[in-house]
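What follows is each chain in one-letter form.
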Amino acid sequence: STFSGKNRATVKIIQQDAAAAIFDIDSGTGAAVNQTTLRGMELSYESTSATGTALDCKNCWRVYVQSMGFGDNANPAITKMGGYGIKADGGGQFNIIESVFSYPVDTAIYAVEIGDLMMADLEVNLSSNPTDIGIHLDTNVGGAYMTNINVNGGGTGLLTTNSRNGVPPNYLYLTNFLADTQ
């Protein structure tokens with residue numbers, strides 16, 4: 001499936017349910033979801049106190065998130081939102097490219113049980129809350145390639161954990177990764 005806009009300045013998807021995902025990609029049967037592309041859109045919430053996940057992928061393979069905006073730069077009322085920008089649980093070959101996270105979330109990108117996670121040319125803007133996390137890699141993330149990543153604010157730019165007691169994240173390759181945290 002491909003969801004594509006002309007550019008993120010002209011195509012905006014605004015979720016009115018503060019706790020719901022904007023895109024929830026899940027087969028519902030446990031089977032893998034294969035080849036999903038989201039490109040050239042801005043995803044945001046109407047509420048200034050949303051707790052949802054903008055992009056929630058479960059068992060997704062060959063995902064391409066390119067030239068996306070997460071949040072609304074034009075809405076200064078949004079000072080802190082809970083939840084995630086992107087939550088990827090299971091799958092592989094997950095690509096996040098040339099995207100901007102404009103509003104502060106608890107965690108901008110969370111990945112668990114993912115093989116081959118590629119991130120390039122990202123700007124992640126967090127609040128000054130010391131518990132906010134830019135990129136959180138959890139159990140069984142293997143082969144994470146990160147190039148030209150800039151995390152501003154928050155308490156942690158890159159966090160690795162093993163919450164599911166499997167293999168901790170391994171084979172992390174970072175080039176030009178800046179975390180300017182609190």
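Residues numbered from 1 in each chain as written. Predicted model: local features only at pLDDT ≥ 70, side-chain atom pairs only at ≥ 80, totals over all residues. Heavy atoms only, no water.

Engineer: With reference to specific residues and values, describe the pairing of strand β9 (residues 107-125).
Structural biologist: Where strand β8 (residues 84-101) and β9 come together, 14 bridges link them in parallel fashion. When the sheet's bridge partners are listed, Ile97 is paired in β9 with Ala120. As judged from the nine bridges shared by β9 and strand β11 (residues 142-152), these two strands associate in the parallel manner. For Gly115, the partnering residue across the bridge sits in β11 and is Gly142. (Pairing = 2+ DSSP bridges. Helix = DSSP H or I, 4+ residues; strand = E, 2+ residues; numbered from the N terminus.)

Engineer: Give me the lowdown on the state of the cysteines, citing residues and values where you can.
Structural biologist: Note: disulfide means a covalent bond formed between the sulfur atoms of two cysteine side chains. All told, the structure shown has zero disulfides when counted by the stated rule. Looking at the unpaired Cys57, the closest cysteine sulfur is the one in Cys60, lying at 3.6 Å. For Cys57, a relative accessible area of 1% puts it in the buried group. Residue classification places Cys60 among the buried residues on the basis of a relative accessible area of 1%. (Disulfide = S-S within 2.5 Å. Buried < 20%, exposed > 50% of the residue type's maximum accessible area, 1.4 Å probe, protein only.)

Engineer: Outline the pattern of salt bridges, listing residues and values.
Structural biologist: Evaluated as defined, the whole model comprises five salt bridges. The salt bridge involving Asp56 is made with Lys58; its shortest N-O contact spans 3.1 Å. Ionic pairing is found between Glu113 and Arg164, a salt bridge with its closest N-O pair at 3.9 Å. With Glu113 in strand β9 and Arg164 in the loop between β12 (156-160) and β13 (170-180), this pair connects stretches of sequence that are 51 residues apart. A residue is classified by how much of its surface remains accessible, and Arg164, at 40% relative accessible area, is partly exposed. (Salt bridge = Lys/Arg side-chain N within 4 Å of Asp/Glu carboxyl O.)

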